[in-house]
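# Results of the structural survey
So you can see what is in the structure, the chains are spelled out below.
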Amino acid sequence: MEEYKPKIVKAKLHTAGKTYEDIKKELKGQGFTCKQMKAMVRQNNYLDGLTLYLSLWNYDNHEKWHLWNWEDSIDEKVMCALYEAEQYHPMPRYKHDFERFKTDWINGEYDPGCSFTLPLEQVEVLEVLQEELDNVDHSKVKREVERAKNAHRDKRRKQRATKKKHRKRR
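The structure reproduced in this document is the subject of the present report. Model, not experiment: these values are computed from the prediction.

Conventions and cut-offs
- Residues numbered from 1 in each chain as written.
- Predicted model: local features only at pLDDT ≥ 70, side-chain atom pairs only at ≥ 80, totals over all residues.
- Heavy atoms only, no water.
- Phe/Tyr/Trp six-rings, centres within 6.5 Å; stacked < 30°, edge-to-face > 60°.
- Buried < 20%, exposed > 50% of the residue type's maximum accessible area, 1.4 Å probe, protein only.
- Salt bridge = Lys/Arg side-chain N within 4 Å of Asp/Glu carboxyl O.
- Helix = DSSP H or I, 4+ residues; strand = E, 2+ residues; numbered from the N terminus.

## Looking at the packing of aromatic side chains
- Per the counting criterion, the structure on display carries 13 aromatic pairs.
- Ring geometry for Tyr94 and Phe101: centres 5.1 Å apart, planes at 85°, overall edge-to-face.
- Take Phe101: its relative accessible area is 0%, and that puts it in the buried class.
- When the centroid spacing of 5.7 Å and the interplanar angle of 35° are considered together, the rings of Trp105 and Tyr110 count as tilted.
- Look at Trp105 and you get buried, because its relative accessible area is 13%.
- Ring pairs connect the aromatic residues Trp70, Tyr83, Tyr94, Phe98, Phe101, Trp105 and Tyr110, which therefore count as one cluster.

Spelled out as C-alpha coordinates, the structure:
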(Lines give C-alpha, C1' and ligand atoms only; values in the text may rest on other atoms or scores of the structure.)
Protein backbone atom coordinates (compact mmCIF):
# COMPACT_ATOMS: atom_id res chain seq x y z
CA MET A 1 0.00 0.00 0.00
CA GLU A 2 1.31 3.42 -0.94
CA GLU A 3 1.51 5.79 1.96
CA TYR A 4 2.71 9.32 2.65
CA LYS A 5 3.14 11.01 6.02
CA PRO A 6 4.73 14.44 6.44
CA LYS A 7 7.55 15.23 8.80
CA ILE A 8 6.09 16.56 12.07
CA VAL A 9 8.13 18.53 14.58
CA LYS A 10 7.84 20.44 17.79
CA ALA A 11 9.44 23.80 17.09
CA LYS A 12 10.06 27.24 18.50
CA LEU A 13 9.26 30.20 16.26
CA HIS A 14 11.53 33.17 15.69
CA THR A 15 9.20 35.47 13.78
CA ALA A 16 9.81 38.89 15.35
CA GLY A 17 12.38 41.28 14.03
CA LYS A 18 10.87 42.08 10.66
CA THR A 19 9.67 45.64 10.76
CA TYR A 20 6.96 47.19 8.65
CA GLU A 21 9.69 48.69 6.46
CA ASP A 22 11.32 45.26 6.00
CA ILE A 23 8.04 43.70 4.95
CA LYS A 24 7.19 46.64 2.70
CA LYS A 25 10.52 46.26 0.92
CA GLU A 26 10.20 42.47 0.64
CA LEU A 27 6.64 42.55 -0.74
CA LYS A 28 6.98 45.62 -2.96
CA GLY A 29 4.80 45.36 -6.03
CA GLN A 30 2.73 42.42 -4.77
CA GLY A 31 -0.40 44.47 -4.06
CA PHE A 32 -0.44 44.43 -0.27
CA THR A 33 -1.74 47.53 1.48
CA CYS A 34 -0.05 49.31 4.38
CA LYS A 35 -2.72 47.95 6.76
CA GLN A 36 -2.14 44.40 5.54
CA MET A 37 1.63 44.67 6.03
CA LYS A 38 1.09 46.08 9.54
CA ALA A 39 -1.10 43.04 10.26
CA MET A 40 1.83 40.84 9.18
CA VAL A 41 4.08 42.56 11.71
CA ARG A 42 1.49 42.06 14.48
CA GLN A 43 1.02 38.41 13.46
CA ASN A 44 4.77 37.81 13.67
CA ASN A 45 4.91 39.44 17.09
CA TYR A 46 2.14 37.16 18.42
CA LEU A 47 3.92 34.06 17.09
CA ASP A 48 7.45 34.93 18.17
CA GLY A 49 8.79 32.58 20.82
CA LEU A 50 5.84 30.18 20.70
CA THR A 51 6.40 26.44 20.61
CA LEU A 52 4.13 24.82 18.04
CA TYR A 53 3.77 21.60 16.11
CA LEU A 54 4.60 22.00 12.44
CA SER A 55 4.61 19.75 9.39
CA LEU A 56 6.79 19.65 6.30
CA TRP A 57 5.36 18.26 3.05
CA ASN A 58 6.77 17.12 -0.26
CA TYR A 59 3.90 18.62 -2.29
CA ASP A 60 5.47 22.08 -1.89
CA ASN A 61 9.01 20.71 -2.15
CA HIS A 62 9.57 21.13 1.60
CA GLU A 63 9.78 24.91 1.08
CA LYS A 64 7.71 26.00 4.10
CA TRP A 65 6.61 24.72 7.47
CA HIS A 66 2.85 24.23 7.86
CA LEU A 67 1.05 24.96 11.11
CA TRP A 68 -0.08 21.60 12.48
CA ASN A 69 -1.17 22.08 16.10
CA TRP A 70 -0.40 23.78 19.44
CA GLU A 71 -0.89 23.42 23.17
CA ASP A 72 -4.07 24.80 24.76
CA SER A 73 -1.99 27.16 26.92
CA ILE A 74 -1.07 29.30 23.88
CA ASP A 75 -4.41 29.09 22.08
CA GLU A 76 -5.20 32.77 22.60
CA LYS A 77 -1.90 33.92 21.08
CA VAL A 78 -2.35 31.60 18.09
CA MET A 79 -5.92 32.88 17.72
CA CYS A 80 -4.70 36.50 17.68
CA ALA A 81 -1.96 35.67 15.16
CA LEU A 82 -4.40 33.95 12.82
CA TYR A 83 -6.84 36.84 13.15
CA GLU A 84 -4.04 39.12 11.93
CA ALA A 85 -3.41 36.69 9.05
CA GLU A 86 -7.10 37.05 8.16
CA GLN A 87 -6.49 40.76 7.60
CA TYR A 88 -4.32 40.01 4.55
CA HIS A 89 -6.01 36.76 3.49
CA PRO A 90 -6.80 36.80 -0.27
CA MET A 91 -10.47 36.16 0.53
CA PRO A 92 -10.93 37.52 4.07
CA ARG A 93 -14.06 36.67 5.99
CA TYR A 94 -13.16 38.50 9.19
CA LYS A 95 -11.86 41.84 7.93
CA HIS A 96 -11.91 44.16 10.96
CA ASP A 97 -14.32 41.83 12.79
CA PHE A 98 -12.42 40.34 15.71
CA GLU A 99 -15.54 39.55 17.75
CA ARG A 100 -17.06 37.34 15.03
CA PHE A 101 -13.65 35.71 14.47
CA LYS A 102 -13.25 35.03 18.19
CA THR A 103 -16.77 33.59 18.45
CA ASP A 104 -16.13 31.25 15.52
CA TRP A 105 -12.74 30.29 16.98
CA ILE A 106 -14.17 29.46 20.41
CA ASN A 107 -17.03 27.48 18.84
CA GLY A 108 -14.58 25.50 16.68
CA GLU A 109 -16.11 26.91 13.49
CA TYR A 110 -13.08 28.81 12.20
CA ASP A 111 -11.60 27.44 8.99
CA PRO A 112 -8.83 29.46 7.35
CA GLY A 113 -9.53 27.94 3.94
CA CYS A 114 -5.81 27.42 3.32
CA SER A 115 -2.61 26.31 5.03
CA PHE A 116 -0.83 28.72 7.32
CA THR A 117 2.86 28.46 6.49
CA LEU A 118 6.10 29.76 7.91
CA PRO A 119 9.48 30.27 6.25
CA LEU A 120 12.07 27.62 7.10
CA GLU A 121 14.45 30.18 8.60
CA GLN A 122 11.89 31.26 11.24
CA VAL A 123 11.69 27.79 12.76
CA GLU A 124 13.95 26.17 15.35
CA VAL A 125 13.23 22.43 15.45
CA LEU A 126 13.22 21.21 19.04
CA GLU A 127 12.09 17.64 18.47
CA VAL A 128 11.17 15.47 15.49
CA LEU A 129 7.93 13.68 16.32
CA GLN A 130 7.48 11.90 12.99
CA GLU A 131 9.93 11.46 10.16
CA GLU A 132 8.59 11.86 6.66
CA LEU A 133 7.33 8.59 5.23
CA ASP A 134 7.05 8.52 1.46
CA ASN A 135 6.22 5.10 0.04
CA VAL A 136 4.39 6.59 -2.92
CA ASP A 137 5.57 5.48 -6.35
CA HIS A 138 5.93 8.97 -7.83
CA SER A 139 6.69 7.71 -11.33
CA LYS A 140 3.45 5.69 -11.23
CA VAL A 141 1.51 8.75 -10.05
CA LYS A 142 3.06 10.82 -12.84
CA ARG A 143 2.08 8.17 -15.42
CA GLU A 144 -1.49 8.05 -14.08
CA VAL A 145 -1.79 11.83 -14.21
CA GLU A 146 -0.50 11.82 -17.79
CA ARG A 147 -2.92 9.01 -18.69
CA ALA A 148 -5.85 10.98 -17.23
CA LYS A 149 -4.80 14.12 -19.15
CA ASN A 150 -4.58 12.12 -22.37
CA ALA A 151 -7.97 10.51 -21.76
CA HIS A 152 -9.50 13.96 -21.21
CA ARG A 153 -7.83 15.30 -24.36
CA ASP A 154 -8.99 12.28 -26.41
CA LYS A 155 -12.55 12.68 -25.11
CA ARG A 156 -12.58 16.37 -26.14
CA ARG A 157 -11.21 15.49 -29.59
CA LYS A 158 -13.91 12.86 -30.05
CA GLN A 159 -16.60 15.34 -29.00
CA ARG A 160 -15.32 17.96 -31.44
CA ALA A 161 -15.11 15.41 -34.25
CA THR A 162 -18.69 14.29 -33.57
CA LYS A 163 -19.93 17.90 -33.67
CA LYS A 164 -18.20 18.46 -37.02
CA LYS A 165 -19.90 15.36 -38.51
CA HIS A 166 -23.31 16.58 -37.33
CA ARG A 167 -22.75 20.02 -38.85
CA LYS A 168 -21.77 18.52 -42.23
CA ARG A 169 -24.95 16.42 -42.39
CA ARG A 170 -27.24 19.43 -42.05
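Don't stop here, the text continues.
## Observations regarding the pattern of salt bridges
- Scanning all chains against the criterion turns up 7 salt bridges.
- Residue Arg42 is joined to Glu84 by a salt bridge in which the shortest nitrogen-to-oxygen separation is 3.0 Å. Of this pair, Arg42 sits in helix α2 (residues 34-47) while Glu84 sits in helix α3 (residues 75-86); the two residues are 42 residues apart in sequence, bridging distant segments of the chain.
- Of the residues examined, Glu84 reaches a relative accessible area of 7% and is grouped as buried.
- In this structure, Arg93 engages Glu86 in a salt bridge whose closest nitrogen and oxygen atoms are separated by 3.7 Å.

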